[in-house]
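Descriptive analysis of the structure
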Amino acid sequence: MAASKYDFSIEQGSSYKLMLKYKDQDDNIIPLIGYCARLSWRTNTGAIMIFHSTDPSNNNYKFYLDEPNGTITILFSADYTNILDFASAKYDLELKSPQDLYLEGGKYTIRLLYGTININKRFSKIPDNMDCTS
């Protein structure tokens, strides 16, 4: 199945959530048991960022696979989006299956999505998050 083009925007300084379900052409959920995922982008300034579902220790983002339900969720913290200083980026979202494509051919890799990410810049770039404790 060919990758789908999906453009989206991130509000600078706001939390961001991208969630999708992996389905076949008949709208049946495809389980992601044993899969891993990667989101990578190249900004208009040439910087490359890579985010993995296998990196549980990162505080800037969380990347979850709900394996039985075929759901992929990527979360970016408001702190992280606040420091994004590019206008746009081209991205790819890929899955890697636990099965080999063929003997010694590596794991089966699927490009799910590609497109453009636009950053909607804040007017007031306040360096820290809101404190709602007072």
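The coordinates are above.
Everything numeric in this text was worked out from a predicted model, so none of it was measured. (Residues numbered from 1 in each chain as written. Predicted model: local features only at pLDDT ≥ 70, side-chain atom pairs only at ≥ 80, totals over all residues. Heavy atoms only, no water.)

1. A word on the pattern of salt bridges
If charged atoms from side chains of opposite charge come close, those side chains can pair. For the structure on display, the rule yields five salt bridges. Residue E94 pairs with R38 through a salt bridge whose shortest N-O separation is 2.6 Å. Remark: R38 occurs in strand 4 (residues 36-43) and E94 occurs in strand 8 (residues 88-100); sequence separation between them is 56 residues. Here E94 falls in the buried class, since its relative accessible area comes to 18%. The exposure class assigned to R38 is partly exposed, which follows from its relative accessible area of 35%. (Salt bridge = Lys/Arg side-chain N within 4 Å of Asp/Glu carboxyl O. Helix = DSSP H or I, 4+ residues; strand = E, 2+ residues; numbered from the N terminus. Buried < 20%, exposed > 50% of the residue type's maximum accessible area, 1.4 Å probe, protein only.)

2. Observations regarding the nonpolar core
Judged by nonpolar contacts, the single largest core of 30 residues is most densely connected at L39, W41, F63, F76 and L95. Counting only elements with at least two residues in this core, the list comes to strand 2 (8-11), strand 3 (16-21), strand 4, strand 6 (61-66), strand 7 (71-76), strand 8 and strand 9 (107-120). Ranked by residues supplied to this core, first place goes to strand 9 with five residues. Excluding its chain neighbours within four sequence positions, the residues that come into contact with F76 are S15, Y16, L39, W41, F51, N60, Y61 and T81. (Core = buried A, V, L, I, M, F, W, Y, C linked by side-chain atoms within 4.5 Å. Contact = heavy atoms within 4.5 Å.)

3. Thoughts on the sheet that holds strand 3
For sheets, the rule is that strands pair by backbone hydrogen bonds, running either parallel or antiparallel. As summarised here, the arrangement of the three strands in space is 3-7-6, forming an open sheet in which the pairing is antiparallel. Here the strands that pair on one side only, and so sit at the sheet edges, are strand 3 and strand 6. Averaged over all neighbouring strand pairs, the angle between strand axes comes to 10 degrees, with direction disregarded. Where strand 6 and strand 7 come together, six bridges link them in antiparallel fashion. By the bridge assignment, K62 is partnered in strand 7 with L75. (Pairing = 2+ DSSP bridges. Axes fitted to C-alpha atoms, helices over the stretch in contact; angles between N-to-C directions.)

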